[in-house]
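Here is how the chains run, residue by residue.
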Amino acid sequence: MELLDSGMASVEEMQNLYSQLFPLDKLSEASNAFVGSATTASNEVVARAVATTLDQISAQNTLLAKLDLFITLHIPKIEDGGNFGVGVQLDLVKKLSEMKEAANKSIETLLAYDNARADALGKLNLPSSTTSSTKSSSATTTDGKKEEKSSESTEEKQTSSASSGPVYESRVASVVAVDTLYYSKARVIFSQTIITFVAVMDFIEKNKDKLVEPKGKSGGSNFSMY
């Protein structure tokens, strides 16, 4: 019941966060906005959207697990003739299991973002530089005295590639496409977490009496200290 009491506030908080993370409604607008980040190490807008959505899924998984445990502990023991009257509980347990499975798949989907972007970014062959140093030492003897001599040399190498032309532009477009794709994925998944939360709250609100006491106040529960 505490969960139901705070449900509306939780939904409003999720909706506000959704609006902050996904201000671009059209994917064409997102693609245009992401061009400037195509050659940078990360796209901060998409990275934040993906990371925050992953946190949202994780929090919801914790909530679903708690609900699953609560419902399971309130399923009464099987009596002679069957376990009648617990259909609502068993239905919710099944729904919660399906929701958790869907959430886990969403996590796998979003965790692929960094790797996908790194692959696309790597094909740009952006200019890079490497520095290497070489150290050497030697010992010489003059009039019975030993002298140590050392030397060090540093070499820097730079690589460059064409930053224009059809091939380069296509590779830039590939990075933008990855950012746009995962922006879209994160937006859909975040929206689904809100819908899932509302659906669960609605189900509990409509069936709270049967969920807590499926066989009435005299039906009891299988969770006992004795």
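Treat the numbers as computed from the prediction; the structure is a model and nothing was measured. (Residues numbered from 1 in each chain as written. Predicted model: local features only at pLDDT ≥ 70, side-chain atom pairs only at ≥ 80, totals over all residues. Heavy atoms only, no water.)

Draft legend 1. Layout of the packing of aromatic side chains. Scanning the model with the defined rule gives six aromatic pairs in all. With 5.9 Å between their ring centres and 40 degrees between their planes, Y18 and F190 make a pair best called tilted. With Y18 in helix 2 (residues 7-21) and F190 in helix 7 (residues 166-212), this pair connects stretches of sequence that are 172 residues apart. For Y18, a relative accessible area of 24% translates into the label partly exposed. Relative accessible area serves as the criterion here: at 0%, F190 is assigned to the buried category. Of the aromatic side chains, those joined through ring pairs into one cluster are Y18, F22, F34, Y183 and F190. Geometry around Y182 places K185 over its ring, the cationic atom sitting 5.9 Å from the centre. (Phe/Tyr/Trp six-rings, centres within 6.5 Å; stacked < 30°, edge-to-face > 60°. Helix = DSSP H or I, 4+ residues; strand = E, 2+ residues; numbered from the N terminus. Buried < 20%, exposed > 50% of the residue type's maximum accessible area, 1.4 Å probe, protein only. Lys NZ or Arg CZ within 6 Å of the ring centre and 35° of its normal.)

Draft legend 2. Here's a closer look at helix 2. For helix 2, spanning 15 residues, the distance from its first C-alpha to its last is 21 Å, which sits close to the expected 21 Å at 1.5 Å a residue. Within helix 2 the residues assigned to the buried category are G7, V11, M14 and L21. Buried residues in helix 2, looked at end-on, bunch into an arc of 90 degrees, giving them a common side. More than 90 degrees from the buried face of helix 2, the exposed residues found are M8, E13 and Q20. (Expected span 1.5 Å × (residues − 1). Arc of directions from axis to C-beta.)

Draft legend 3. Layout of the pattern of salt bridges. On inspection of all chains with the given rule, the structure shows four salt bridges. Among the salt bridges present, the one from E101 reaches K105, with a minimum N-O distance of 3.9 Å. In this pair, E101 and K105 both sit in helix 5 (residues 87-111), four residues apart, roughly one turn of the helix. The partner of D202 in a salt bridge is K206, with the nearest N and O atoms 3.0 Å apart. Of this pair, D202 and K206 both sit in helix 7, separated by four residues, roughly a single helical turn. (Salt bridge = Lys/Arg side-chain N within 4 Å of Asp/Glu carboxyl O.)

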